[in-house]
Amino acid sequence: MNPLDSMIGFFNPTAGLRRARARAQTKTLMNYDAASRGRRTYGWKAPGSSADAAAYGARVRLRNMSRDFVRNRAYAARGRDVIVANVVGEGITPSIRAEGNAKATVADFLPHLTSTDIDALGEYDLSEMQGIVMSTVFTDGEVLVRRRMRNTRFSRNLRLPYQVELLEVDLLDHTIQSWGDNLVIEGVEYGPTGAIEAYHLYNEHPGAVLNRKALTSTRVHWSDVIHIRRFDRPGQLRGVPWLAPVMMTLGELSDYQEAQILKQRMAALMAVIIEWDDGAARPSGAGQGLEELAPGAVVDLPVGAKPHFTEPPTVDGYDDFMRRGLATVAVGLGVTYESLAGDLRSVNFSSGRMGRMEMDRLVRMWQRNLMIGQFCLGMERWFREGLALAGHRGLRFEMDWTPPRRILVDPTKEIPAMIEEIDAGLNSRQRTQRELGRDPDTIRQEREQDAKADKDAGVTITPKAKAAPAIKEGETDEGE
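Cut-offs used in this document
- Residues numbered from 1 in each chain as written.
- Predicted model: local features only at pLDDT ≥ 70, side-chain atom pairs only at ≥ 80, totals over all residues.
- Heavy atoms only, no water.
- Helix = DSSP H or I, 4+ residues; strand = E, 2+ residues; numbered from the N terminus.
- Buried < 20%, exposed > 50% of the residue type's maximum accessible area, 1.4 Å probe, protein only.
- Contact = heavy atoms within 4.5 Å.
- Expected span 1.5 Å × (residues − 1).
- Polar contact = N/O pair within 3.5 Å; in protein donor to acceptor, adjacent residues only side chain to side chain.
- Salt bridge = Lys/Arg side-chain N within 4 Å of Asp/Glu carboxyl O.
- Pairing = 2+ DSSP bridges.
- Axes fitted to C-alpha atoms, helices over the stretch in contact; angles between N-to-C directions.
- Patch = residues over 30% accessible without salt bridge, like charges linked within 9 Å, V, L, I, M, F, W, Y side chains within 5 Å.
- Areas by Shrake-Rupley, 256 points an atom, 1.4 Å probe, with all protein chains shown as cover.
- Lys, Arg positive; Asp, Glu negative; His and termini not counted.
- Charge placed at Lys NZ, Arg CZ, Asp CG, Glu CD.
- pLDDT = per-residue confidence, 0-100.
- Parallel < 35°, antiparallel > 145°, perpendicular 65-115°, else oblique.
- Left-handed = near helix turned anticlockwise from the far one by under 90°.
- Phe/Tyr/Trp six-rings, centres within 6.5 Å; stacked < 30°, edge-to-face > 60°.
- Lys NZ or Arg CZ within 6 Å of the ring centre and 35° of its normal.

Chemist: Would you mind going over the overall build of the protein chain in detail, with residue names and values included?
Modeler: Counting its secondary structure elements, the protein chain contains 13 helices and 12 strands. Here the protein chain, with 480 residues, has 34% of them falling under the buried criterion. Sequence separation of at least 24 residues holds for 67% of the intrachain contacts in the protein chain that already meet a minimum separation of 6.

Chemist: Lay out helix α6 (residues 126-140) in plain terms, naming residues and giving numbers.
Modeler: For α6, with 15 residues, the first-to-last C-alpha span of 20 Å sits near the 21 Å given by 1.5 Å per residue. A large share of α6 lies buried, amounting to 12 of its 15 residues. Of the residues that open α6, the one with a side-chain oxygen 3.3 Å from the backbone nitrogen of S127 is D125. G141 sits one or two residues past α6 and shows a positive phi near 95°.

Chemist: Give a detailed account of the pattern of salt bridges, specifying residues and quantitative values.
Modeler: Under the criterion given, the structure shown has 27 salt bridges. Note that D343 is salt-bridged to R345, the shortest N-O span being 2.9 Å. Assessed through its relative accessible area of 12%, D343 is described here as buried. Take R345: its relative accessible area is 58%, and that puts it in the exposed class. Between D441 and R444 there is a salt bridge whose closest N-O contact spans 3.0 Å. In this pair, D441 and R444 both sit in helix α13 (residues 440-457), 3 residues apart, roughly one turn of the helix. Taking the relative accessible area as the measure of exposure, D441 reaches 22% and is therefore partly exposed. Residue R444 is classed as partly exposed on the basis of its relative accessible area of 41%. Each member of the salt-bridge network shares a partner with another, and the members are R63, R67, D140, E168 and D170.

Chemist: How would you sum up the sheet that holds strand β5 (residues 182-185)? Please name residues and give values.
Modeler: The strand order β4-β5-β6-β7-β8 describes an open sheet built from 5 strands, whose pairing is antiparallel. In this open sheet, the two strands that pair with only one neighbour each are β4 (178-179) and β8 (217-221). The sheet contact formed by strand β7 (residues 196-202) and β8 spans 5 bridges and is antiparallel. Paired with Y199 across the strands is V220, a residue of β8.

Chemist: Any chance you could break down the sheet that holds strand β2 (residues 142-149) for me, citing the residues and the numbers?
Modeler: Judged by pairing direction, the sheet is antiparallel, and its 3 strands sit side by side in the order β3-β2-β9 without closing on themselves. Pairing within the sheet leaves two strands with one partner each, and these edge strands are β3 (162-167) and β9 (225-229). Put simply, the sheet's adjacent strands are angled 20° from each other on average, direction ignored. Where β2 and β9 come together, 5 bridges link them in antiparallel fashion. Residue pairing across strands places V145 opposite I226, the latter belonging to β9.

Chemist: Explain a negative patch on the surface to me, and be specific about the residues and the numbers.
Modeler: Taken together, the side chains of E420, E421, D423 and E435 define an acidic patch exposed on the protein surface. With 3 residues, the single largest contributor to the negative patch is helix α11 (residues 411-423). Looking at the secondary structure, you find D423 in helix α11. When its relative accessible area of 56% is taken as the criterion, D423 is described as exposed.

Chemist: Tell me about the confidence of the model for the protein chain, residues and numbers included.
Modeler: On average, residues of the protein chain carry a pLDDT of 84, and 86% of them reach 70 or more. No element of the protein chain has a lower mean pLDDT than strand β10 (residues 272-276), which averages 68, and none a higher one than α6, which averages 97. A low-confidence stretch, residues 476-480 (pLDDT under 50), is modelled with 4 contacts involving residues beyond four sequence positions or located in other chains.

Chemist: Break down unusual backbone geometry for me, citing the residues and quoting the values.
Modeler: At E186, a residue that is not glycine, the phi angle is positive and equals roughly 55°. Within the secondary structure, E186 is located in the loop between β5 and β6 (188-190). Overall, the relative accessible area of 10% leaves E186 in the buried class.

Chemist: Got a sec to walk through the pairing of β9? Specific residues and values, please.
Modeler: Counted residue by residue, β9 has 5 buried out of 5 residues, so it is predominantly covered. The side-chain alternation of β9 yields two buried faces, one formed by V225, H227 and R229 and the other by I226 and I228.

Chemist: Pulling in residues and values, what's your account of the packing of α6 against helix α10 (residues 349-389)?
Modeler: Running from amino to carboxyl end, α6 crosses α10 at an angle of 135°, the nearest separation of the two axes being 12 Å. Here α10 runs oblique to α6, going by the angle between their axes. As α6 runs across α10, the sense of the crossing is right-handed. Within the contact between the two elements, α6 uses L126, M129, Q130, V133, M134 and V137 and α10 uses L370, M371, F375, C376 and M379.

Chemist: Run through the side chain of Q367, naming residues and quoting values.
Modeler: Relative to the assigned elements, Q367 resides in helix α10. You can call Q367 buried: its relative accessible area is 7%. A polar atom in the side chain of Q367 sits 3.1 Å from the backbone oxygen of V87. What Q367 contacts, discounting residues up to four positions off in sequence, is N86, V87, I372, G373, P403 and P404.

Chemist: Could you give me a rundown of the packing of aromatic side chains, with the residues and numbers involved?
Modeler: Per the stated rule, a full pass over the model turns up 5 aromatic pairs. Between Y256 and F321, the aromatic rings sit 4.3 Å apart at their centres with planes inclined by 50°, giving tilted as the arrangement. Of this pair, Y256 sits in helix α7 (residues 247-268) while F321 sits in helix α8 (residues 318-333), and the two are 65 residues apart along the sequence. Chaining the aromatic ring pairs together yields one cluster made of F138, W242 and W366. Over the face of the ring belonging to W242 we find R230, whose NZ or CZ atom lies 4.3 Å from the ring centre. When the ring centre of F397 is taken as reference, the NZ or CZ atom of R384 above it lies at 4.1 Å.

As structure tokens, then:
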């Protein structure tokens, strides 16, 4: 019992008993070491903030730091490229499933969605947009896509009366606090149920070198904005940069790497210190020629002078330290160490496949939840509304989104396994084709075209027969 409890118990035994009982119950109930407060948990921060409040006030700083990391630190840029290349790759392509006139009509207007006609700047097609969106989500944590309605009388080359514009979240007006009864936080307007109702966007990027206009903001309804971000907690409506959990580690690794590079530069220097005997005369130009030492050089030293070569520092443990640090960064980003560091020294088929399997699960999750579930379906909604505005209401069609082709670790082993799954009824052919990033309808059409072209040319393709299993020693051709 501490002195305070002893004093309280002396003057008020009842109160002292209550304090002792409460302290005993606390020790009994406190079974989680991580929840204790002491030397081991000193400096741990565990606020009870909501998902969006956790980054409130720090989101801009995190975003700017993340951009600087991607600009100036090689492994941050590499992590971004690995995730974008695996999630988006050559692009998540749309395909139409419809019948009759509906299919032909939708096919006529589909180039508006897939070509540069969709971009308000006329620069990006759909695949390029996907890459920029995923790159921005990684770096900034979130990105906005705004629909711009167009008058086709002035934009005669547009098939549908709208285009889209990619916007960084810097364009959110942080100065607005409310809109009527709705609360506006960091430029995002929330309705009475907590759902996003509108976005207050500047007319230009506030960080532009030269703003052409005075900065003013416009209220844009949620239906004209696609807000892409990763959700990690219930109730979360804003995103944070993906580098946030590993930013400290990545920065320290970069600083360590720069220090080791400087150490190597020092180690590469050869310096000579001239020691003179007591009383030796030092002529002018003593040591001349030592600054140009080269293999085979002969330099004369005056009488009484002795050369001493310095011992520069050596670099030890650099490789192991960087490997451990980069492995931590790779885990935090959700990619493999080999893809982040480009280090394939200790990789074989089994380890490479196991690492890819874990990474592929995350990639498929990001494809489904981020790119297809938010960006692609939002673009599909605008495409359907554009068809209605163009006079084509009631068209019944389905749009499928096929992710990019997954690179196989060892095709000679994985493709036969896929074929066996299809033959055994464990998987369908079209599902397997989609898992490989190929569109079943396109494959079917191309095979029909190949068959027709071969028939017209009189070419007969003989299917390759399966090789018979090799007969082992001691077996007959009928087997055992």
